[in-house]
Amino acid sequence: MRVAAIDCGTNSVRLLVAEAGDEGRLVDLDRRLILTRLGQGVDATGRFHPDALARTLDAFAEYADVIDQLGVGRVRLVATSAARDASNRDEFFAGARERLGVEAEIISGDEEARLSFTGALTALPDVAAPVLVIDIGGGSTELIVGSGGATPHIDHGLSLDIGSVRVRERFLTGDPPTTEQVNAASAYIDSLLDGSGVDFDSIATWIGVGGTATSLSALNQRLPAYDRTKVHGSSMSRVELHALTHDLLTSTVEQVKALPSMHPKRADVICAGALIAARIGARMPVDLTISESDILDGIALGLLHG
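From a predicted model like this one, the values you see are computed outputs, not experimental measurements.

As a further point, take the overall build of the protein chain. Secondary structure summary: the protein chain contains 13 helices and 11 strands in total. Scaling as 2.2 N^0.38, a compact globule of 306 residues should have a C-alpha radius of gyration of about 19 Å, and the protein chain matches this with 18 Å. With 306 residues in all, the protein chain has 54% of them scored as buried. The long-range share in the protein chain, meaning contacts at least 24 apart out of those at least 6 apart in sequence, stands at 70%. Carbon and sulfur atoms make up 48% of the accessible area of the protein chain, which totals about 12400 Å². A gap of 2 Å separates the mean positions of the 27 positive and 42 negative side-chain charges of the protein chain.

A word on helix α7 (residues 179-194). Counted at 1.5 Å a residue, the expected span for α7 with its 16 residues is 22 Å, and the 22 Å between its end C-alpha atoms agrees. Those residues of α7 that fall on the buried side of the exposure criterion are Q181, V182, A185, S186, I189, D190 and L193. Projected down its long axis, α7 carries its buried residues within an arc of 160°, all on one side. Exposed residues on α7 whose side chains face more than 90 degrees from its buried face are E180 and D194. Packed against the buried residues of α7 are β7 (141-147), β8 (153-160), α6 (164-170), α10 (238-249) and α12 (270-281).

This part takes up the nonpolar core. Core analysis: the largest hydrophobic core is formed by 47 residues, its most contacted members being L132, L143, L172, W206, L216, L248 and I280. Here the element with the most residues in this core is α12; it accounts for 9 residues. The residues contacting L132, other than those within four sequence positions of it, are L143, I144, V145, F200, I203, T205, W206, I207, I280 and M284. One finds V13, F60, Y63 and A96 within the second-largest nonpolar core, a separate group that totals 28 residues.

Inspection of every chain in the model, using the stated rule, returns 4 aromatic pairs. Both rings, one in F92 and one in F93, keep their centres 6.1 Å apart while their planes meet at 70°; by these two values the pair is edge-to-face. On the basis of relative accessible area, F92 is assigned to the buried category, the value being 0%. An angle of 35° between the planes, with centres 5.3 Å apart, marks the rings of F171 and Y188 as tilted.

Read from one edge to the other, the open sheet built from 6 strands follows the order β8-β7-β6-β9-β11-β10, with strand pairing classed as mixed. Each edge of the open sheet carries a strand with a single partner, namely β8 and β10 (235-236). With 6 bridges connecting them, strand β6 (residues 131-136) and β7 associate as antiparallel partners. Bridge assignment links I136 to a residue of β7, and that residue is T141. Those strands touched by α12 are β6, β7 and β9 (205-209), and its axis lies near 160° from that of β6.

Another point: the pattern of salt bridges. Evaluated as defined, the whole model comprises 19 salt bridges. Of the charged contacts, one joins R99 and E98 as a salt bridge, the two residues approaching to 3.8 Å between their closest N and O atoms. R99 sits in the partly exposed class, given a relative accessible area of 30%. What emerges from the salt-bridge pattern is a single network uniting R76, E105, E111 and R114.

Another aspect to go through is the sheet that holds strand β1 (residues 2-8). Sheet strands pair via backbone hydrogen bonds, and the direction of the pair is either parallel or antiparallel. What the 5 strands build is an open sheet, ordered β3-β2-β1-β4-β5; its pairing is mixed. Pairing within the sheet leaves two strands with one partner each, and these edge strands are β3 (26-35) and β5 (104-106). Ignoring strand direction, the axes of neighbouring strands in this sheet form an average angle of 20°. In this sheet, β5 lies alongside strand β4 (residues 74-79) in parallel orientation, the contact comprising 3 bridges. Each bridged residue has a counterpart across the sheet, and for V78 the counterpart in β5 is E105.

Attention shifts here to the packing of helix α8 (residues 211-221) against α12. The angle between the axes and the distance between the axes are what describe a pair of packed helices. Following both chains from N to C, one finds α8 and α12 inclined at 95°, their axes separated by 10 Å at the closest point. With respect to each other, α8 and α12 are oriented roughly perpendicular. Judged by residue contacts, T212, S215, L216 and L219 of α8 engage I270, G273, A274 and A277 from α12. Looking at the contact of α8 with α12 residue by residue, the class counts come to 5 nonpolar, 3 polar and no charged.

So, how was this worked out
Along each chain, numbering runs from 1 in the same order as the chain's sequence is written. With pLDDT at 70 or above as the cut-off, local features in this predicted model cover only qualifying residues; side-chain atom pairs require 80 or more to be listed or tallied, and sums for whole chains, interfaces and linings still use all residues. Heavy atoms from the whole structure form the basis of all side-chain values; hydrogens and water molecules are not counted. Secondary structure elements follow DSSP: runs of H or I of four or more residues count as helices, runs of E of two or more count as strands, with numbering from the N terminus. The atom set for the radius of gyration is the C-alpha atoms, and the globule formula is 2.2 Å times the number of residues raised to the power 0.38. Partly exposed describes any residue whose relative accessible area lies between the buried limit of under 20% and the exposed limit of over 50%, with all areas from a 1.4 Å probe on protein chains only and scaled to the type maximum. The contact criterion used is simple: two residues touch if any of their non-hydrogen atoms lie within 4.5 Å. With residues, only the protein chains shown are counted as cover, and all accessible areas are computed by Shrake-Rupley using a 1.4 Å probe. Under the counting rule used here, the positive set is Lys and Arg, the negative set is Asp and Glu, and His together with the chain ends is not counted. By convention, charge coordinates are those of NZ in Lys, CZ in Arg, CG in Asp, or CD in Glu. In this scheme, a helix's expected span is set at 1.5 Å multiplied by one less than its residue total. Think of it as the arc spanned by the lines of direction from the helix axis to the C-beta atoms. Nonpolar cores were defined as sets of buried Ala, Val, Leu, Ile, Met, Phe, Trp, Tyr and Cys residues, with membership established by side-chain atoms within 4.5 Å. A pair of Phe, Tyr and Trp rings is counted when the ring centres sit within 6.5 Å of each other, with Trp represented by its six-membered ring. The angle between the planes then sorts it: under 30 degrees is stacked, over 60 is edge-to-face, the rest tilted. Strand pairing is defined by DSSP finding a minimum of two bridges between the two strands. Under this scheme, a helix contributes an axis fitted over its contacting stretch, all axes are lines through C-alpha atoms, and angles between N-to-C directions fall in the 0 to 180 degree range. A pair is scored as a salt bridge if a Lys or Arg side-chain nitrogen falls within 4 Å of a carboxyl oxygen belonging to Asp or Glu. Just so you know how the angles are binned, under 35 degrees is roughly parallel, over 145 roughly antiparallel, 65 to 115 roughly perpendicular, and the rest oblique. The classification used treats Ala, Val, Leu, Ile, Met, Phe, Trp, Tyr, Cys and Pro as nonpolar, Asp, Glu, Lys and Arg as charged, and all other residues, Gly among them, as polar.

Here you go:
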């Protein structure tokens, strides 16, 4: 059976069409991303902007065509931080139903964390525990601690209301952000991390998933173009992460857009995502490993084996 997983986040809408392979692994048939910025202004207004909603529904229509062409048997659409916060989410639900023929599910932060952890550990199963998986999205950041192996196990997971779009819009309004703005953002991020209950000092393996982590890896490697095969399984030292974050925070959006592997629609928020990663990194005893497998893979695995 072929399944389709759709993850609608604050910054992007992503699709994975897959089928079962050997030893419970996924075989990708199609994987793609459209940056729609659904969370545009939601933090300030509490509503989806009409343009953002239109961009997102157009992405659903494009994905519906792919799903039909590939003969998919089961589809699941999950929506995360921005959809949890928007007062006009009924318009989002109706548009998704019309274009994809399925009900969108606004999943909890805990469910988002579980799916991200399962997806990441399926692709990197033999890692030392405890494992911390982070997923820095546009509106929220998931922190999940557990262990890998044949059946990944979560000990502690939570979702924090810090993400690349949210932090950029709330704090880092300059181009480039001022020192005062960076300090205010850092203090806010630190306050949430300090209250997270995560024992960062005990972590043996640190894994980053999602668009912020993968984009930072590509930038750190100075890839001439984004290459998924070079990003997956790559590592980034905490020193490299700190230096890259400083470079991004002191660059204009136009300068970031000119970087070879940088998606132009992510260029304005990657500095905020990097700052979140760097504040986590400042607490970590180990360097960062990047996984291209994430919440999409967790959703697809659930469709195949659930």
